[in-house]
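Coordinate inspection notes
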Amino acid sequence: NAFQGLRYLKTRGLKLKPHMVITAFGTNEWNKALPGEPGWVEWEDLTGRSGIEVLIHEAIRGSNALITEVPFGAREFRVSPGEYTDAVVSMRKLCQDAGVTFAVLYLPSKAEIGVTDSLHAIYRVKQLTEGVARYCFCPFWDPAEVFSLPADSFYVDPVHFSPSGNRLVAGYLVDKIITLQ
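Residues numbered from 1 in each chain as written. Predicted model: local features only at pLDDT ≥ 70, side-chain atom pairs only at ≥ 80, totals over all residues. Heavy atoms only, no water.

Things to note about the pairing of strand S2 (residues 101-105)
When you tally the buried positions in S2, you get four out of five residues, the bulk of the element. Pairing between S2 and strand S3 (residues 140-141): two bridges, direction parallel. Within S3, the position partnered with Val 104 by the bridge is Phe 140. (Buried < 20%, exposed > 50% of the residue type's maximum accessible area, 1.4 Å probe, protein only. Helix = DSSP H or I, 4+ residues; strand = E, 2+ residues; numbered from the N terminus. Pairing = 2+ DSSP bridges.)

Description of the pattern of salt bridges
Under the definition given, this model contains four salt bridges. Taking the shortest distance from any N to any O, the salt bridge between Glu 130 and Arg 134 comes out at 3.9 Å. Separated by four residues within a single helix, Glu 130 and Arg 134 lie in helix H4 (residues 124-135), roughly one turn from each other. (Salt bridge = Lys/Arg side-chain N within 4 Å of Asp/Glu carboxyl O.)

Focus on the nonpolar core
Counting 19 residues, the largest nonpolar core has Tyr 84, Val 88, Met 91, Phe 102 and Val 104 as its most contacted members. Among the elements of the structure, helix H1 (2-11), helix H3 (81-98), S2 and H4 are those that each provide at least two residues to this core. Of all the elements, H3 adds the most residues to this core, at five residues. Residues in contact with Phe 102, not counting those within four places in the same chain, are Val 21, Thr 23, Val 88, Met 91, Arg 92, Cys 95, Cys 138 and Pro 139. Within the second largest apolar cluster, 12 residues are counted, among which are Ala 103, Trp 141, Tyr 155 and Phe 161. (Core = buried A, V, L, I, M, F, W, Y, C linked by side-chain atoms within 4.5 Å. Contact = heavy atoms within 4.5 Å.)

Describing the pairing of strand S1 (residues 20-23)
Remember that side chains alternate between the two faces of the sheet whenever the strand is regular. Burial along S1 is one-sided: the residues Val 21 and Thr 23 are buried and none of Met 20 and Ile 22 is. Strand direction decides the pairing type here: S1 and S2, joined by four bridges, are parallel. By the bridge assignment for S2, Thr 23 is matched with Val 104.

A closer look at H4
When the terminal C-alpha atoms of H4 are compared, their 16 Å separation across 12 residues agrees well with the 16 Å that a helix rising 1.5 Å per residue should span. Regarding H4, the residues found buried are Lys 126, Thr 129, Val 132 and Ala 133. The buried side chains of H4 occupy one side of the element, clustering within an arc of 130° when seen end-on. Pointing more than 90 degrees away from the buried face of H4 are the exposed residues Arg 124, Arg 134 and Tyr 135. The inward-facing, buried residues of H4 abut H3, S2 and S3. One or two positions beyond H4, positive phi appears at Phe 137, with a value near 55°. (Expected span 1.5 Å × (residues − 1). Arc of directions from axis to C-beta.)

Following this line, the structure appears as structure tokens:
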């Protein structure tokens, strides 16, 4: 997710001296996930602590969650739109400070290919992602335009691309990157 991408960019990514960083986070962030399920992310980075310290920290946090009322109700999403925005803004600032071009890539699901009604519920995640890109004043790229119907051959499941789908996205990115030069 975007927070893990930000952490990677800070700790390792910029050390590679990239000319461009393209973030493609967003769709997984707003899927429902319960605490403890794969993909659940807390903003606190515990990687620098000892194993016993992390174990005790998590035990206390878990116990506290059982007795403390949450003001906005139980958390449902892996990362909130606000947390996603904060992560993307931080990534952009890191890239800007390093002189690295930054862009936001949206990866459409199979269900989105061919949908033309912009008010359709499927567009909500795309609209949030595009809004964050605009907020960051960075390019927003959506390769849905290069896909054709039926889209089945471009996906191995409802959200992951097949090799031919990956080729379409790669070609789209090449065209977009060339236009930035």
